[in-house]
Amino acid sequence: MSVIQRIRKVVRYNRIATSFALSVIFILFAKPTPGSFLIGVPVIFIGEVFRTLSSGYIEKDFSLTMGGPYSVTRNPLYLGNFLMGFGFAIITNQPILLLLFIIVFAFIYHVTILEEEKGLLQRYGQEFIAYMSAVPRFFPMLWKWNRNRQLFSWALVMKHREYITWLGIVGGILLLVAKMVLFGQGWKNYL
């Protein structure tokens, strides 16, 4: 196994731990303001709504999902992750953390997506090749939204435990609000 393959493997299997470590760094170095919350929170929620929609369509290891959010981007869950992380980076009110997030996200998810595409190509062959040629890898083409005979399912959302992500978002926002209020960036300075 080459060095690059080893790095890809480590990154792919440690992306959740890396995300958690990045979250701790964000909270420690954040200097949130009401203005950064006003911009960041909507971005976070748009990302999580997109993740929730995606979770309600995908049936992992059952079939190639191509409807709903999967008709506008091949990686809607990761797009949702990007928007959520980007929103939290905005809330930190630290340009260096925003830049750090973009770099780390791009590295981790580029490797992850390439590895996953190899597996999907092996599993679905020509069907996945056709899908790849019709739907962009990451940046969505929202005007191409197509249910493709698939229906959104709350049961799938629950199966994928998306409620845990919602709880994590609320917890992260509350921690950043507490930091703002307790460490001199409180609302009273802006009223």
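Please read all numbers here as calculations on a predicted model, not as lab measurements.

Enquirer: Now, about the overall build of the protein: what can you tell me, with residues and values included?
Expert: When helices and strands are counted, the protein shows eight helices and zero strands. Mapped from its N terminus to its C terminus, the protein presents α and β elements in the order α-α-α-α-α-α-α-α. Considering only contacts in the protein between residues 6 or more positions apart, those separated by 24 or more positions represent 82%. Carbon together with sulfur atoms contributes 70% to the accessible area of the protein, which is approximately 11300 Å² in total.

Enquirer: Quick one: what's the story with the packing of aromatic side chains, residue by residue and with numbers?
Expert: In total, this model carries 13 aromatic pairs according to the counting rule given. With centroids separated by 5.5 Å and ring planes inclined at 20°, the aromatic side chains of Phe 82 and Phe 86 adopt a geometry described as stacked. Pair noted here: Phe 82 and Phe 86 are both in helix H4 (residues 76-92), with a separation of four residues, about one helical turn. Residue classification places Phe 86 among the partly exposed positions, given a relative accessible area of 23%.

Enquirer: Break down H4 for me, citing the residues and quoting the values.
Expert: Because each turn of an α-helix spans 3.6 residues, side chains separated by three or four positions in sequence point in the same direction. Given a rise of 1.5 Å per residue, 17 residues ought to cover 24 Å, and the 24 Å separating the end C-alpha atoms of H4 matches this to within 8%. At the C-terminal side of H4, Asn 93 shows a positive phi close to 60°.

Enquirer: An account of the pattern of salt bridges is requested, with residue identities and associated values reported.
Expert: Counted according to the given criterion, the structure contains five salt bridges. In this structure, Arg 51 and Glu 162 form a salt bridge, with 2.7 Å as the shortest nitrogen-oxygen distance. Separated by 111 residues along the polypeptide, Arg 51 in helix H3 (residues 34-55) and Glu 162 in helix H8 (residues 162-182) bring together distant segments of the chain. Of the two residues, Arg 51 and Glu 162, neither departs from the other in class, the shared state being buried. Among the ionic pairs, Glu 115 bridges to Lys 118, the shortest N-O distance being 3.4 Å. Taken together, the positions of Glu 115 and Lys 118, both in helix H5 (residues 95-124) and three residues apart, correspond to about one turn of that helix.

Rules and cut-offs
- Residues numbered from 1 in each chain as written.
- Predicted model: local features only at pLDDT ≥ 70, side-chain atom pairs only at ≥ 80, totals over all residues.
- Heavy atoms only, no water.
- Helix = DSSP H or I, 4+ residues; strand = E, 2+ residues; numbered from the N terminus.
- Contact = heavy atoms within 4.5 Å.
- Areas by Shrake-Rupley, 256 points an atom, 1.4 Å probe, with all protein chains shown as cover.
- Phe/Tyr/Trp six-rings, centres within 6.5 Å; stacked < 30°, edge-to-face > 60°.
- Buried < 20%, exposed > 50% of the residue type's maximum accessible area, 1.4 Å probe, protein only.
- Expected span 1.5 Å × (residues − 1).
- Salt bridge = Lys/Arg side-chain N within 4 Å of Asp/Glu carboxyl O.

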